[in-house]
Amino acid sequence: MSGVRRLGARWRRRRPLRTRLALAASAAVALVAVGVCAAAFFVIRYELLHQLDLSLTQSATRVVQENRGEGPQIIAGECRFLSAPACAQVVPADPAADPEAAYLLPVSAPVREVAAGTRAPYFSNVTRFGHSLRMLTTPFGDGRALQVALRADPVERGVRQAAVLLAAVGGAGVLLAGVLGYAVSRTGLAPVARLTSTAERIAATRDPRHRIELPPGPPGRQDEVTRLAASFNTMLGELEQSVSAQRRLVADASHELRTPLTALRTNAELLARADRLTPAQRERASGALGRQIREVTGLVNDLIELARDEEPLPLVEEVRIAELAEHTVAMARTHWPRLRFELEVGPGAAEAVRPGVPARLARLLTNLLDNAAKFSPPDAPVEVGLTAYGGGGGLELSVRDHGPGIAPEDLPYVFDRFYRAEAARALPGSGLGLAMARQIARAHGAELTASAAPGGGALFTVVFGGEGP
């Protein structure tokens, strides 16, 4: 039995889903058709025999009424013809009381038992005159039994004709079931076939821009297969965006790394001939080499963090945002001594806490402060504000500079990786700071936005909701 199951499972794996579905649908419809035909055959057979038995019962009743006082004898014997009345004979319980003339119908022990009253009336099938007869044996009274018989071959012929007709109908039903099963499987699995074809084409071309064509119709009334195809299209869209983002990341990273790596190689080759340089030249080349190494190291670290596309939260704790902002602003004052950084904490914000990783939140604010410091003139401050809003404990952290601001055409792209506005290309940096800041903000359940500040400059706002990540 286990071998049969293994063979069945192997056969199912080797056959297409369309074939299996067609066979399953055909088998189900065929079983219904065969079952209906079989049930109809037995009903017709029962009704025909029941009508014949009723005729025998009626004939027996008429014979009893017409021959109540008669003894054992053959009452009628012309049932060999279809139009003749039923054959009838009276049989005593004691064989010694039989008449001299031979009985027309067969007399057996059960017939004597019915005559003696020890057996109930019964129907039986016998053969006489070269024909099949249906016979009823019933009590006649006074230790006698009455046997009545009619030709049964018309009923048998009708049963055979019904069997042939129903077999033909059942065969046609099975054939129709096969056609309908194939049509149902072909129509029902058409979206699956398109989905498979699209998946195979994507696997062959590695191009996620392909989509599955969906049938027209309102979105709320789509079937399961169409919803699967729609979900697959959505997944392909996400995959296309991911692949495009990775390609852009690789292309932008190679472009950004080319310049510092070229400078590194130049300074390394220069220091390799240190015997030809003056001490001052060697010191300048060594300092430039160290700065470039730190720049490349920082760029590579930023790339590794951004390539994850997810911000890890290994040690989440309750962070007091006001204290973190004070610490980060103090560090910015040390890093940018020529600029003035102003921090203003609004009512209700000094004691506000949020779950998060302090080092990552500090990195978010540091990136915003560094970006503001690059564009701020020496005589204008960088303004940092922390305010509470709403009744649910929301926080808003803002960083504003008084520089040239963000051009309207650059505003949609300021958080893209490696994007640098025209005014920022001459300034140091890799174009990853703001992208990393947004990633950190979203990992902490916050949203970072950029806008033009009233009166000039750029305004970056981090909005923390009432609940943490």
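You'll find the structure just up there.
Just so you know, these numbers come straight off a predicted model, no measurement behind them.

## Some words on empty space enclosed by the protein
Piece 1. Taken as a whole and assessed by the stated rule, the structure comprises 1 cavity of 30 Å³ or more.
Piece 2. The calculated volume of the largest cavity comes to roughly 50 Å³.
Piece 3. Forming the boundary of the largest cavity are Ile321, Leu324, Leu361, Leu364, Leu365, Leu397 and Phe464.
Piece 4. A per-element tally of the lining of the largest cavity places helix H9 (residues 358–375) first, with 3 residues.
Piece 5. A per-class count over the lining of the largest cavity returns 7 nonpolar, no polar and no charged.

## Considering helix H10 (residues 433–443)
Piece 1. Most of H10 is tucked away, with 8 of its 11 residues classed as buried.
Piece 2. When H10 is considered as a whole, its buried residues turn out to be Leu434, Ala435, Met436, Ala437, Gln439, Ile440, Ala441 and Ala443.
Piece 3. Just beyond H10, the residue with positive phi is glycine 445, at close to 75°.

## Quick word on helix H3 (residues 109–116)
Piece 1. Here H3 has its buried residues at Val111, Arg112, Val114 and Ala115. Along H3, the residues classed as buried sweep out an arc of 155° about the axis, all on the same side.
Piece 2. Looking at the buried side of H3, the elements it contacts are strand E2 (87–92), strand E3 (122–128), strand E4 (131–139) and strand E5 (144–151).
Piece 3. One or two steps after H3, the chain reaches glycine 117, where phi turns positive at roughly 85°.

## Quick look at the sheet that holds E4
Piece 1. With antiparallel pairing, 5 strands are arranged side by side in an open sheet as E1-E2-E5-E4-E3. The open sheet has two free edges, formed respectively by strand E1 (73–76) and E3, since each of these has just one partner strand. Direction aside, the axes of adjacent strands within the sheet are offset by 25° on average.

## Observations concerning the sheet that holds strand E12 (residues 458–464)
Piece 1. The 5 strands lie next to each other as E7-E9-E10-E12-E11, forming an open sheet whose pairing is mixed. At either margin of the open sheet sits one strand with a lone partner, and together these are strand E7 (341–345) and strand E11 (446–452). For this sheet, the mean inter-axis angle between neighbouring strands, taken without regard to orientation, is 15°.
Piece 2. Examined bridge by bridge, strand E9 (residues 382–389) and strand E10 (residues 394–400) share 7 bridges and lie antiparallel to one another. By the bridge assignment, threonine 387 is partnered in E10 with glutamate 396.
Piece 3. Relative to the sheet, helix H8 (residues 321–335) contacts E7, E9 and E10, its axis offset from that of E7 by approximately 170°.
Piece 4. H10 contacts E11 and E12 of the sheet and is inclined by roughly 140° relative to E11.

## A short note on the packing of aromatic side chains
Piece 1. Using the criterion set out here, one finds 2 aromatic pairs in the structure.
Piece 2. For the pair phenylalanine 41 and phenylalanine 42, a centre-to-centre distance of 5.4 Å together with 70° between the ring planes defines the contact as edge-to-face.
Piece 3. Ring geometry for phenylalanine 415 against phenylalanine 460: centres 6.2 Å apart, planes inclined by 85°, an arrangement best described as edge-to-face. In this pair, phenylalanine 415 sits in the loop between E10 and H10 while phenylalanine 460 sits in strand E12, placing the two residues 45 residues apart along the sequence.
Piece 4. Judged by its relative accessible area of 3%, phenylalanine 460 falls in the buried class.
Piece 5. Just above the ring of tyrosine 122 sits the side chain of arginine 119; from NZ or CZ to the centre is 4.7 Å.

Reading the values: rules and limits
- Residues numbered from 1 in each chain as written.
- Predicted model: local features only at pLDDT ≥ 70, side-chain atom pairs only at ≥ 80, totals over all residues.
- Heavy atoms only, no water.
- 1 Å grid on protein atoms, 1.4 Å probe; cavity = no way out; pocket = protein on both sides within 12 Å on 5 of 7 lines; lining within 4 Å.
- Points joined across faces, edges and corners; volume = space filled by probe spheres on them.
- Helix = DSSP H or I, 4+ residues; strand = E, 2+ residues; numbered from the N terminus.
- Nonpolar A, V, L, I, M, F, W, Y, C, P; charged D, E, K, R; others polar.
- Buried < 20%, exposed > 50% of the residue type's maximum accessible area, 1.4 Å probe, protein only.
- Arc of directions from axis to C-beta.
- Contact = heavy atoms within 4.5 Å.
- Pairing = 2+ DSSP bridges.
- Axes fitted to C-alpha atoms, helices over the stretch in contact; angles between N-to-C directions.
- Phe/Tyr/Trp six-rings, centres within 6.5 Å; stacked < 30°, edge-to-face > 60°.
- Lys NZ or Arg CZ within 6 Å of the ring centre and 35° of its normal.

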